[in-house]
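Spelled out, the chains give:
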Amino acid sequence: MSQMNMIQAINSAHDIMMEKDPSVVVLGQDVGYFGGVFRCTDGLQEKYGEHRVIDAPIAEGGIIGTAIGMGINGLRPVAEIQFADYIYPGFDQIVSELSRLRYRSGGEFFSPVTIRTPCGGGIRGGQTHSQSPEGIFTHISGIITVMPSNPYDAKGLLISAIESDDPVVFFEPKRIYNGPFDGDPDKPGVSWSSHPMGEVPQDYYKVPLGKAAVVEEGDELTIICYGTIVHVAQAAAKLTGVRAEIIDVRTLFPLDIDTLTKSVEKTGRCLVAHEATRFCGYGAELVATVQQECFWHLEAPIERVTGWDTPYPHAFEWKYFPGQKRLAAGIRKVMEAG
Amino acid sequence: MSQMNMIQAINSAHDIMMEKDPSVVVLGQDVGYFGGVFRCTDGLQEKYGEHRVIDAPIAEGGIIGTAIGMGINGLRPVAEIQFADYIYPGFDQIVSELSRLRYRSGGEFFSPVTIRTPCGGGIRGGQTHSQSPEGIFTHISGIITVMPSNPYDAKGLLISAIESDDPVVFFEPKRIYNGPFDGDPDKPGVSWSSHPMGEVPQDYYKVPLGKAAVVEEGDELTIICYGTIVHVAQAAAKLTGVRAEIIDVRTLFPLDIDTLTKSVEKTGRCLVAHEATRFCGYGAELVATVQQECFWHLEAPIERVTGWDTPYPHAFEWKYFPGQKRLAAGIRKVMEAG
Amino acid sequence: MTQKPYLHIPHPAARPGEAPDFSYLELSDAGAVDRPPSDERARNIEYLAHELVRVLDDEHQATGPWDPSLDKEILLKALRYMVLTRAYDDRMQRVQRQGKISFYMQSLGEEAVSIGQGLALEPGDMLFPSYRNQGLFILRGTELVDLMCQCLSNTGDMCKGRQMPVMYQDPARNIFTLSGNLATQYPQAVGWAMGSAIKGEKHIAVSWVGDGSTAEADFHYALTFAAVYQAPVILNVVNNQWAISTFQGFAGGERRPFAARGLGLGMPGIRVDGNDLLAIYAVTRWATERARNGHGPTLIEHVTYRGGAHSTSDDPVRYRPQDEWAAFPLGDPMDRLLQHLLELGHWSDEKQTALEEETKMVVDDAWKEAISFGTMTEPPFLDAQLMFEDVYKEIPDHLKKQRDEMLKLAGEKS
Amino acid sequence: MTQKPYLHIPHPAARPGEAPDFSYLELSDAGAVDRPPSDERARNIEYLAHELVRVLDDEHQATGPWDPSLDKEILLKALRYMVLTRAYDDRMQRVQRQGKISFYMQSLGEEAVSIGQGLALEPGDMLFPSYRNQGLFILRGTELVDLMCQCLSNTGDMCKGRQMPVMYQDPARNIFTLSGNLATQYPQAVGWAMGSAIKGEKHIAVSWVGDGSTAEADFHYALTFAAVYQAPVILNVVNNQWAISTFQGFAGGERRPFAARGLGLGMPGIRVDGNDLLAIYAVTRWATERARNGHGPTLIEHVTYRGGAHSTSDDPVRYRPQDEWAAFPLGDPMDRLLQHLLELGHWSDEKQTALEEETKMVVDDAWKEAISFGTMTEPPFLDAQLMFEDVYKEIPDHLKKQRDEMLKLAGEKS
Ligand SMILES: Cc1ncc(C[n+]2csc(CCOP(=O)(O)OP(=O)(O)O)c2C)c(N)n1
Ligand SMILES: Cc1ncc(C[n+]2csc(CCOP(=O)(O)OP(=O)(O)O)c2C)c(N)n1
Ligand SMILES: [Mg+2]
Ligand SMILES: [Mg+2]
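As the structure is a prediction and not an experimental result, all values here were calculated from the model.

So, about the pairing of strand S2 (residues 205-210) of chain C. All names here are of chain C. The buried fraction of S2 amounts to five of the six residues, a majority that puts the element mostly inside the structure. Where strand S1 (residues 126-128) lies against S2, three bridges are found, and the strand directions are parallel. Residue pairing across strands places Leu-127 opposite Val-206, the latter belonging to S2. The parallel pair S2 and strand S3 (residues 233-239) is bridged by helix H7 (residues 217-229), and the resulting crossover is right-handed.

Pasting the structure below:
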């Protein structure tokens, strides 16, 4: 065991998989000599060589397209897209090709590409370095979508993703790369070393894809969330004194419906929270699923607390971000309803 | 008044707007000399010249990118993407540029582009000529998303879209270009001439953006749907004998929430139906919104009937398509619940 | 000369009712273009992108430095497979017209590209075809019946009913699965080739797109990555003059040949007579040598003509002269190879007639066998449960539920 | 020479700790490149893409056919604006270091591109800049205080707080709003230019991207559409040798110049000394004439060097020699213009010192004024309600609701 922040945990997952499996290759903008603008691939090129850790042209569609080709040729590519906001030029290769390859070929071809990309706001990135576009990927059949909320899960899920023969889009909430963030920008930063999930084994281990985690048990309310918001939800629940069960979805698709329904059947109340915009966001599916499965247990409407339906503005980052206050208000609203 | 099918109605909308406003220009693959692979722009180049009806290279991103530039220069471009399945190479220009231009420039720039694209299955198009990707557009702040279900609305909505200073993505359900389709592929085709909404004024008129239509009144159940499924829902409701209120959303974003809630408050039961895949589809938002707004009126869980969460297979088109049988089963399920 | 800025709108040389006019095509004489060593530096061989490599002359003789000197067996094999490809196309076109399959796309007039290149490649080379490369499958030995079953979406369909007709694949013969999305296979081929180099293997990748498809982003990505990493790949542009209703000028072909598109990246391009099987074979061998020996990628433009409609959904009478193909200065590739073989005395008109008869029967037999696996309207039918497989490696729970829902409904009366 | 296929990995000439080495740059002598008429056919002037147009020679004299013979006033104006741009950059870089703004990007070493081109264009020409073209704004007269307010996201911010620093715009001066997404402005500029031609207007569009950005799809789209429709547009590639940590070889610049990228489409390219204001002015005039008179687009590659870090978030010490800029053979653009003016006797060291002093004061004053509109930490603050405006032309109902929710919460204690 050792203390790792999320960057180190992600780096370690790469390192272990590259060591273990010579077919694992890494490509992306600035990932090689430089080690990545967030340093997630630091040291890998030195260790595994330029043929396995490849600096790429600034062409997201080309990175994903060539990664698919490498995957068809028996490699296991991990592609970094520098910011999730810049994944759209690669969208066609992801939707039309990566996610459909196995299906359209009757199972005869597949390409086990993992696409890693930092997402989310809170680093003063403005509208083009803050987006959380997970909800447009979870609508695409044929890919797995993941977003970890801590170093331990990040490493274990990334290893699972790299080993998966299904393609994975792996979102990394960059606001919590260096430490958990409870949604209060005025507090001094905290590091992962004081957090239990910052304890990360140096060796190989997996966190299974498709399994949610109950991060707090409670019986009054279920909060379903993921990524940075997990930490905000914990703080907000404390603020309100409500005994909330907090579920970190971790794998957005396929969704671990059982863990959600078991909880909501117990609590009878549910709040869904994410940083992404609300309309047609991932939270809509969570609400739709929970109301379908748990309708007769629900004592109040399911509430959504999310980013507003606007781009992420530079000046109003903390007014945009669904912080403790907004979550607490949501919690109170659900508790008071009915 | 005259009888028009949907292609003629769309053609007429172009014609009227090009006549009325010299800044309206049309571009897309095969739209010029040939008049479009579905013939929606037939005759326009002859009438308005090659500088206003422009055949474009096979580059969806280039079509949308240049259309944006034309819009900035005071034109009002209508861009055709040959199939919605091929819109993804233009996704970045739509998401990062078209929909964000006004916002990022503090309101100083905008580009009034309308993007038309045929969508949906039922023409033996297999997985790359059948998609309904509206749900990934409705999640994008800054664009308006439309899908008409008949010639009258198609013309009136398209004119509104072209006149709108906000960008519009306009989905055209190609299965009903030539006639309404009730979901039964074994019945002989019907033409629009026998349908009241096939009566289309030859002149200018608008159907407002952002307003849903109640296409059948009823008090037992609310069915929320759009595009081809409107016709399937009507047939399915008849099949079951349930007095369903059927709402054609028409403009998917911004959503006419009032019309939905008024109906569900009356009926207490709700079914949401679309052809697109279910998980994180547009229907999830409809469910989430209705459960939020009408929770205390709901007597049963809101049911979704949709395309399966797979690509659209060539051989099993009618097993994939949410036809009358599936809708009827959904209706019965909602009616029997509780 | 000064004039106001204007929008230049490309115009094809002739529209319906007008006389075909191919004077825009810049042609070289057969044998006229130099053949450099295959490891020559890209900037020294830019002429290859602007001239036109031709081997067969007007007298049907092979001539010049690019003559691959193929022996009789290979030439006859090429002819047989061109005849077979055309017969297959012809049959499938007709069964589509009869409503037995939903859609079809012929390669009429472009058969030399697939057959000539297929012959020049090694079996371990990975192919990323477009929808007009059926000849590659046929040449590499995919059974006609398998191709037909794909078009029928029947119980013998390799794609399990998921794709429209002509979207074949053959992993055993190293042919990638076709996509309906234009040009997506291009960067994938480059990635595959990079993988080959990463693994230290000698196999190369080869891909094809049409002239119109060069405008797509994936064309640019592929050229950029291929040039940057010097990937062992051959990228082909099949310039058949048309992209549905728009002629090649709308893809930027009016001023410079498509073969020149990579020159600015330092990637050699060769423009070849796409209806001259010998020339195609020769330039492909040259490019394979270059790639296989570590000298990087080549872009090959095949100048040919789309002899038929774009697809069975298209009607070219609306946008081009009906007799345009007949006026195409590079002729019919099958006929030119035949004339060459006759000229060499390797073949006779009788043998050709017999071959065509025999081929027809082969195709007939294949069709009979194919429909025994079912058609769109006749059993046996594919099991609709297949719809839920292969979305993921294992069927996830929610798809099992959806499958069960479908099965339950299928069991009920409506 | 035969070898196994390998993956070629581009390497910069020098890494940290190594001696800078620019021997890979192919240079022409000042005055050595012919100047063709601006309506010359593209295929006859391909040499312009491979050579290097230079006007200022080693003795700081203007020489050769591209000498634009600028009069003293224009030269002095150029100098003034280069000095001002650099002083602005310097100040903003420093206030970022002090935590007053969140981010900044300098144009250090590349100022001649914006100033030289800006001077050569007409006010009605529409500019689609990249994030290193601050000189265009400054030259066209956007107030420094407005640029600063944008960087401060304060109550004077033209973008109403929505964009990161340096994402300026100036519609009144025909400068488009900057995007954080690389190269997206390129096809938009082409579309704008097409619009100009459609409307029969004489204005042209001009856009800029970096060397690294040429790999993006939008670069390809822009070149294709510009070439197909012969749009009145000038497309610039500012090759400053680096794209964050990767050198220009990763964008395919190792074998052929970026200026050559459009040759395969029949689009002329000119490679110009990007640190030679006179040469930049001259080639830009040439390209404007060409575009304005209906002869179509031009691609201009500016060979320059990124003198500073990529941005304030970057640390180039990790990936390139610290003294690389000093070794760049094309020098410092501001210094070269200054030397030219001194050489001509139009200017003196004293005047330069005075100019620099005066400029600093101008910048000081602007900064003082700018912060009076608020900073990230000091009032006045922008009203957060602005967050909900301009998503659409009118605020839709659901955003009004969200706005009200925000206001209500802001009014409550947590
Ligand atoms: C991304 C995408 N856009 C549009 C289409 C529709 N489409 C199919 S084939 C075709 C024309 C292609 O022309 P070309 O590349 O010249 O190939 P050819 O058909 O001539 O062989 C078009 C526009 C598509 N399949 N994919
Ligand atoms: C689509 C997209 N991908 C990646 C990035 C991240 N990024 C910002 S600047 C940059 C390097 C650009 O280099 P170049 O084009 O050479 O311009 P320069 O910074 O040298 O002026 C990268 C990769 C981005 N902003 N947009
Ligand atoms: Mg073609
Ligand atoms: Mg650069």
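With 49 residues of chain A at the interface, the matching set in chain B holds 49 residues. For chain A, the biggest contributors to the area lost against chain B are His-139, Phe-279 and Cys-280 of chain A; these three give 18% of the whole. Counting every contact that joins chain A to chain B gives two salt bridges. Here Glu-285 of chain A and Arg-304 of chain B are joined by a salt bridge, their closest N and O atoms 2.8 Å apart. The interface formed by chain A and chain B holds 14 residue pairs in polar contact (both at pLDDT 80 or more) in total. When contributions to the side of chain A that touches chain B are tallied by element, the ones reaching two or more residues are helix H4 (91-98), helix H5 (101-104), helix H6 (134-137), strand S12 (251-253), helix H10 (282-294) and strand S14 (303-307) of chain A.

With that out of the way, let us pick up the coordination of the magnesium ion (ligand 3). All names here are of chain C. Coordination of the magnesium ion (ligand 3) by the protein comes from Asp-211 (OD), Asn-240 (OD1) and Trp-242 (O), over a distance range of 2.1 Å. Written as a sequence motif, the donor arrangement for the magnesium ion (ligand 3) is D-x28-N-x1-W. Of the two residues, Asp-211 is situated in the loop between S2 and H7 and Asn-240 in the loop between S3 and strand S4 (242-243); the sequence distance between them amounts to 29 residues. Residue Asp-211 is classed as buried on the basis of its relative accessible area of 2%.

Here we take up the coordination of the magnesium ion (ligand 4). Residue and element names in this part refer to chain D. Within the protein, the magnesium ion (ligand 4) binds to Asp-211 (OD), Asn-240 (OD1) and Trp-242 (O); these donor distances fall in the range 2.1 Å. Of note, the magnesium ion (ligand 4) draws all its donor residues from one chain, in the sequence arrangement D-x28-N-x1-W. Here Asn-240 and Trp-242 have matching classes, each one buried.

Before going further, it helps to spend a moment on the relation of the copies chain A and chain B. The two copies are related by a screw motion: chain A maps onto chain B through a turn of 180° and a shift of 0.0 Å along the axis, at an RMSD of 0.0 Å. Here the two chains are linked by the operation of a two-fold rotation axis.

So, about the packing of helix H8 (residues 229-240) of chain B against helix H12 (residues 324-336) of chain B. Residues and elements named next belong to chain B. Running from N to C, H8 and H12 cross one another at 60°; their axes reach a closest spacing of 8 Å. What the angle tells us is that H8 and H12 run oblique. The handedness of the crossing between H8 and H12 comes out as right-handed. Two secondary-structure elements touch here, H8 through Ile-229, Val-232, Ala-233, Ala-235, Ala-236, Ala-237, Leu-239 and Thr-240 and H12 through Gln-324, Leu-327, Ala-328, Ile-331 and Arg-332. Class assignment of the residues belonging to the contact of H8 with H12 gives a composition of ten nonpolar, two polar and one charged.

Another point: a negative patch on the surface. Side chains of Asp-29, Asp-58, Glu-59 and Glu-343 of chain C sit close together on the surface and give a patch of like negative charge. Along the chain, Glu-343 of chain C turns up in helix H10 (residues 333-344).

This part takes up the site of ligand 2. The full set close to ligand 2 counts 20 residues, and Glu-60 of chain A together with Tyr-131, Arg-132, Ser-213 and Trp-242 of chain D are the nearest of them. Around ligand 2 the close residues trace back to chains A and D. Here a nitrogen atom of ligand 2 sits 3.3 Å away from a polar atom, N or O, in the side chain of Tyr-86 of chain A. In the environment of ligand 2, a nitrogen atom lies 2.8 Å from a nitrogen or oxygen atom belonging to the backbone of Gly-180 of chain D.

In this section: the side chain of Thr-145 of chain B. For Thr-145 of chain B, the location among the structural elements is in strand S6 (residues 144-146). When neighbours within four sequence positions are excluded, Thr-145 of chain B is seen to be in contact with Glu-134, Phe-137, Thr-138, Val-169, Phe-171, Arg-250, Thr-251, Leu-252 and Phe-253 of chain B.

Looking at chain C, the domain boundaries give domain 1 (42-373) and domain 2 (384-413). The C-alpha centroid of domain 2 of chain C is placed 38 Å from the C-alpha centroid of domain 1 of chain C.

With that settled, the discussion passes to the interface of chain D and chain C. Note on interface size: it is often stated as the accessible area lost on association of the parts. At the interface, 52 residues of chain D touch 52 residues of chain C. Summed over both sides, the interface between chain D and chain C buries roughly 4,300 Å², with carbon and sulfur atoms accounting for 55% of that surface. Linking chain D to chain C there are four salt bridges. In this structure, the salt-bridge partner of Arg-43 of chain C is Glu-26 of chain D, at a minimum N-O distance of 2.9 Å. In this assembly, chain D and chain C are joined by 18 residue pairs in polar contact (both at pLDDT 80 or more). Mapped by element, the contributors of at least two residues to the side of chain D that touches chain C are helix H6 (185-199), helix H7 (217-229) and helix H8 (277-292) of chain D. Here the element with the most residues in the side of chain D that touches chain C is H7 of chain D; it accounts for eight residues. Its residues placed into classes, the side of chain D that touches chain C shows 24 nonpolar, 15 polar and 13 charged.

So, about the site of ligand 1. For ligand 1, the set of nearby residues contains 20 residues, the closest of which are Glu-60 of chain B together with Tyr-131, Arg-132, Ser-213 and Trp-242 of chain C. Chains contributing residues to the immediate surroundings of ligand 1 are chains B and C. The separation between a nitrogen atom of ligand 1 and a polar side-chain atom of Tyr-86 of chain B is 3.3 Å. Trp-242 of chain C has a polar backbone atom sitting 2.8 Å from an oxygen atom of ligand 1.

With that out of the way, let us pick up the confidence of the model for chain C. Within chain C, residue pLDDT values average 96, and 98% of them lie at 70 or more. As a predicted assembly, this complex carries a pTM of 0.98 together with an ipTM value of 0.98.

The next subject is the sheet that holds strand S11 (residues 244-248) of chain B. In a beta sheet, neighbouring strands pair by backbone hydrogen bonds and run either parallel or antiparallel. All names here are of chain B. Spatially, the five strands line up as an open sheet ordered S9-S11-S10-S13-S14, and their pairing is mixed. With partners counted over all chains shown, the strands left at the sheet margins are strand S9 (213-216) and strand S14 (303-307), one partner each. Direction aside, the axes of adjacent strands within the sheet are offset by 25° on average. Examined bridge by bridge, strand S13 (residues 270-277) and S14 share four bridges and lie parallel to one another. Within S14, the position partnered with Ala-273 by the bridge is Val-305. Strand contacts of H8: S9, strand S10 (221-225), S11 and S13, with the helix running at about 175° to S11, the strand carrying the most contacts. Packing against the sheet, H12 makes contact with S10, S13 and S14, and its axis sits at approximately 170° to S14.

Residue and element names in this part refer to chain D. Across the sheet, five strands lie side by side as S1-S2-S3-S7-S6; this open sheet has parallel pairing. Sheet topology places strand S1 (126-128) and strand S6 (269-273) at the edges, where each strand pairs with a single neighbour. For this sheet, the mean inter-axis angle between neighbouring strands, taken without regard to orientation, is 20°. Pairing between S6 and strand S7 (residues 298-303): five bridges, direction parallel. Counterpart to Gly-269 in the pairing with S7 is Leu-299. H6 rests against S1, strand S2 (205-210), strand S3 (233-239) and S7 of the sheet, and its axis sits at about 170° to S2.

Quick notes on the rules
- Every chain begins its residue count from 1, and numbering advances along the sequence as written.
- Starting at A for chains and at 1 for ligands, labels are handed out in the order in which the entities are written.
- Reporting of local features is limited, given that this is a predicted model, to residues whose pLDDT is at least 70; pairs of side-chain atoms are given and counted only at 80 or more, and all residues count toward the totals for whole chains, interfaces and linings.
- Derived side-chain values reflect all non-hydrogen atoms in the structure, with water molecules and hydrogen atoms excluded from consideration.
- To sort residues, take the accessible area from a 1.4 Å probe on protein chains only and compare it with the maximum for the residue type: under 20% means buried, over 50% means exposed, and anything in between is partly exposed.
- Helix numbering and strand numbering both begin at the N terminus, where a helix is a DSSP run of H or I of at least 4 residues and a strand a DSSP run of E of at least 2.
- Here the rule is simple: two strands pair whenever DSSP picks up at least two bridges between them.
- Here a crossover is taken to be right-handed if, once the strands point away from the viewer, the path from the first strand over the helix to the second is traced clockwise.
- Throughout, a contact is declared for two residues whenever any of their heavy atoms are within 4.5 Å.
- Once two parts are brought into contact, the accessible area they lose, counted with a 1.4 Å probe and summed over both, makes up the buried area.
- We define a salt bridge as a contact between a side-chain nitrogen of Lys or Arg and a carboxyl oxygen of Asp or Glu at a distance within 4 Å.
- Throughout this description, a polar contact denotes any pair of N or O atoms lying within 3.5 Å of each other; where both atoms belong to protein, one of them has to be capable of donating a hydrogen while the other can accept it, and for residues adjacent in sequence the pair is counted only when both atoms sit in side chains.
- Shown as donors are all N, O and S atoms within 2.8 Å of a metal ion, widened to 3.2 Å for Na, K and Ca; because water is not in the atom set, sites may appear incomplete.
- When the copies are superposed, the least-squares fit draws on C-alpha atoms of residues that have pLDDT of at least 70 in both.
- Convention adopted: a line fitted to C-alpha atoms gives each axis, helices being fitted over their contacting stretch, and angles between N-to-C directions are expressed from 0 to 180 degrees.
- Working definition: roughly parallel below 35 degrees, roughly antiparallel above 145 degrees, roughly perpendicular at 65 to 115 degrees, and oblique for all remaining angles.
- Handedness of a helix crossing follows the sense of rotation of the near helix relative to the far helix, less than a right angle counterclockwise being left-handed and clockwise being right-handed.
- Three classes are used: nonpolar for Ala, Val, Leu, Ile, Met, Phe, Trp, Tyr, Cys and Pro, charged for Asp, Glu, Lys and Arg, and polar for all others, with Gly counted as polar.
- Patch definition: residues above 30% relative accessible area lacking any salt bridge, with like charges linked at up to 9 Å and the nonpolar side chains Val, Leu, Ile, Met, Phe, Trp and Tyr linked at up to 5 Å.
- In short, Shrake-Rupley with a 1.4 Å probe defines the accessible areas, and a residue's cover is counted only from the protein chains shown.
- Only four residue types enter the tally: Lys and Arg on the positive side, Asp and Glu on the negative side, with His and both chain ends excluded.
- A charged residue contributes its charge at one atom only: NZ of Lys, CZ of Arg, CG of Asp or CD of Glu.
- When we say a residue is near a molecule or strand, we mean one of its heavy atoms is within 4 Å of it.
- Bear in mind that the domain bounds are from an automatic or database domain assignment.
- Known as pLDDT, the predictor's per-residue confidence is scaled from 0 to 100.

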